[in-house]
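Residue-level listing of the chains:
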Amino acid sequence: MSTQDLSHSVAPSSSPPSVTAKLINGGVAGLVGVTCVFPIDLAKTRLQNQHGKDIYKGMIDCLMKTARAEGFLGMYRGAAVNLTLVTPEKAIKLAANDFFRQLLMEDELQRNLKMEMLAGCGAGMCQVVVTCPMEMLKIQLQDAGRLVCQGSASAPSSSRSYTAGSASTHKRLSATLIAWELLCTQGLAGLYKGLGATLLRDIPFSIIYFPLFANLNNLGFNERTGKASFAHSFMSGCVAGSVAAVAVTPLDVLKTRIQTLKKGLGEDTYSGITNCARKLWIQEGPSAFMKGAGCRALVIAPLFGIAQGVYFIGIGERILKCFE
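Residues numbered from 1 in each chain as written. Predicted model: local features only at pLDDT ≥ 70, side-chain atom pairs only at ≥ 80, totals over all residues. Heavy atoms only, no water.

- For the protein chain, an unreviewed UniProt entry supplies the name Mitochondrial glutamate carrier 2 and the organism Vulpes vulpes.
- The record in UniProt for the protein chain states the following under Sequence similarities (unreviewed entry): "Belongs to the mitochondrial carrier (TC 2.A.29) family."
- A UniProt comment under Catalytic activity (unreviewed entry) is attached to the protein chain, and it reads "L-glutamate(in) + H(+)(in) = L-glutamate(out) + H(+)(out)". (UniProt positions renumbered as here; feature names shortened; annotations may be inferred.)

### Side note on the overall build of the protein chain
Right, so step 1: If you tally the helices and strands in the protein chain, you get 14 helices and 4 strands.
Right, so step 2: Contacts in the protein chain between residues far apart in sequence, at least 24 positions, make up 81% of those at least 6 positions apart.
Right, so step 3: Within the structure as shown, the protein chain displays about 14,200 Å² of accessible surface, and the carbon and sulfur contribution to it stands at 66%. (Helix = DSSP H or I, 4+ residues; strand = E, 2+ residues; numbered from the N terminus. Contact = heavy atoms within 4.5 Å. Areas by Shrake-Rupley, 256 points an atom, 1.4 Å probe, with all protein chains shown as cover.)

### Examining the nonpolar core
Right, so step 1: Counting residues in each nonpolar core, the largest one holds 23 residues, and the members touching the most others are Ala43, Met59, Phe205, Tyr209, Cys295, Val299 and Ile300.
Right, so step 2: Those elements that place two or more of their residues in this core are helix H1 (19–48), helix H2 (59–70), helix H9 (195–218), helix H10 (230–247) and helix H13 (293–313).
Right, so step 3: At 5 residues, the largest contribution of residues to this core is made by H13.
Right, so step 4: Each of two domains, domain 1 (16–77 + 307–323) and domain 3 (194–291), supplies a minimum of three residues to this core. (Core = buried A, V, L, I, M, F, W, Y, C linked by side-chain atoms within 4.5 Å. Buried < 20%, exposed > 50% of the residue type's maximum accessible area, 1.4 Å probe, protein only. Domains from an automatic or database assignment.)

### Focus: the pattern of salt bridges
Right, so step 1: Inspection of the entire model under this criterion finds 16 salt bridges.
Right, so step 2: For Arg201, the salt bridge is made with Glu135, and the minimal N-O distance between the two is 3.4 Å. On the criterion of sequence distance, the pair formed by Arg201 in helix H9 and Glu135 in helix H4 (residues 113–150) is long-range, its members being 66 residues apart.
Right, so step 3: Put simply, Asp41, Lys44, Glu135, Lys138, Arg201, Asp202, Asp252, Lys255 and Arg296 are held in one network by salt bridges that share partners. (Salt bridge = Lys/Arg side-chain N within 4 Å of Asp/Glu carboxyl O.)

### As for the confidence of the model for the protein chain
Right, so step 1: Of the residues in the protein chain, 85% have a pLDDT of 70 or more, and the chain-wide mean is 81.
Right, so step 2: Scored below 50 in pLDDT, residues 4–14 shows 45 contacts in the model against residues more than four places distant or in partner chains. (pLDDT = per-residue confidence, 0-100.)

### Quick notes on H1
Right, so step 1: Along its 30 residues, H1 runs just 37 Å from first to last C-alpha, ending more than 12% under the 44 Å computed at 1.5 Å per residue.
Right, so step 2: Most of H1 is tucked away: 21 of the 30 residues are buried. (Expected span 1.5 Å × (residues − 1).)

### Focus: the side chain of Glu135
Right, so step 1: The class for Glu135 is buried, based on a relative accessible area of 0%.
Right, so step 2: A distance of 3.4 Å separates a polar atom in the side chain of Glu135 from a polar atom in the side chain of Arg201. (Polar contact = N/O pair within 3.5 Å; in protein donor to acceptor, adjacent residues only side chain to side chain.)

### As for the packing of H1 against helix H3 (residues 79–104)
Right, so step 1: The geometry of H1 relative to H3 is characterised by a closest axis approach of 9 Å and an angle of 145° between their N-to-C directions. In this structure, the crossing between H1 and H3 has a hand that is right-handed. Between H1 and H3, the contacting residues are Val19, Lys22, Leu23, Gly26, Gly27, Gly30, Leu31, Val34, Thr35 and Phe38 on the first element and Ala79, Asn82, Leu83, Val86, Thr87, Lys90, Ala91, Leu94 and Asp98 on the second.
Right, so step 2: The residue makeup of the contact of H1 with H3, split by class, is 10 nonpolar, 6 polar and 3 charged. (Axes fitted to C-alpha atoms, helices over the stretch in contact; angles between N-to-C directions. Left-handed = near helix turned anticlockwise from the far one by under 90°. Nonpolar A, V, L, I, M, F, W, Y, C, P; charged D, E, K, R; others polar.)

### Some words on the packing of H1 against helix H11 (residues 249–259)
Right, so step 1: The contact between H1 and H11 brings their axes to 9 Å, and the two run at 75°. Viewed along their axes, H1 and H11 adopt a mutual orientation that is roughly perpendicular. Contacts between H1 and H11 involve Lys44, Thr45 and Gln48 from the first element and Thr249, Asp252, Val253, Thr256 and Arg257 from the second.
Right, so step 2: Looking at the contact of H1 with H11 residue by residue, the class counts come to 1 nonpolar, 4 polar and 3 charged. (Parallel < 35°, antiparallel > 145°, perpendicular 65-115°, else oblique.)

### Things to note about a nonpolar patch on the surface
Right, so step 1: A cluster of nonpolar side chains, contributed by Ile208, Phe230, Phe234, Met235, Val239, Val243, Phe312 and Ile313, occupies part of the molecular surface with about 660 Å² of accessible area.
Right, so step 2: Elements that contribute at least two residues to the nonpolar patch include exactly H10 and H13.
Right, so step 3: For the nonpolar patch, the element with the highest residue contribution is H10, accounting for 5 residues.
Right, so step 4: With respect to the element layout, Ile313 can be found in helix H13.
Right, so step 5: Owing to a relative accessible area of 47%, Ile313 belongs among the partly exposed residues under this scheme. (Patch = residues over 30% accessible without salt bridge, like charges linked within 9 Å, V, L, I, M, F, W, Y side chains within 5 Å.)

### Some remarks on the environment of Lys279
Right, so step 1: As for its position among the elements, Lys279 is in helix H12 (residues 273–284).
Right, so step 2: In the structure, Lys279 is positioned 11 residues away from Asp268 in sequence and 8.3 Å away in space, judged by C-alpha atoms.
Right, so step 3: Ignoring any residue separated from it by four or fewer positions in sequence, one finds Lys279 in contact with Asp268, Thr269, Tyr270 and Glu284.

Shown next, in the form of structure tokens:
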């Protein structure tokens, strides 16, 4: 679950928060959001990786089976990676988004759809520096339980040293171990497998989300307070985030399949985006491209709602005041 940018989730007011406050707000929103919705993101990954015979009938069935087989903490496999990297990811995208908005828009209060889309595109391109390896490691940990539940699996030789083996080996699986093995066997490129697919997902998401949120939020702009109400901003973020998340689900499915190193018995490996899309279409039909769409909407909407709460309260500003 890559946490999408929330830097301009709140309409500009007479005294916009500083960059430092934005980074604190973004980091807090990301940490709280990931903690709240990570089990749904885990269900999304496992549903997207199902080939042929389904182990899980849906999100609820997946979460119930995961809780029974792996315990409550099993639903948080891979969460540590997200919690560790969500703040630097946020910092990069916040800074990039601010930079491109200032570069492309003479007056940020003046709505300019094309410039907003270009700024979002630039921010989406910059964030993958952290997003791609973060998602790469997270997916391996999230999907491990599905493979154990499936019963048997085969892995590519490059990943066999940390993925193949008994259940006891599976229990020792960690992001550090996976990262080390990938660096030793494939170099830095191993951590950036699926970079193209990540770009194809994150850039369209940002292009859709930023202008959609800005325009929805602007509909509730209150001249007296200088911004939209909390309730209006909250709903605008939820709607814009959900629409963008569902719209790019086919690209998220391709990214998940490509980045998954260990495959179940009889499951295909993919040489690239086109190869993955072709096999998915032929073997599983067009509906496979929308696997996990509901989960993605349920993950993204609360993330933006939580972010609205953080920005509305002004946690970053409050923290900075303590050090003045």
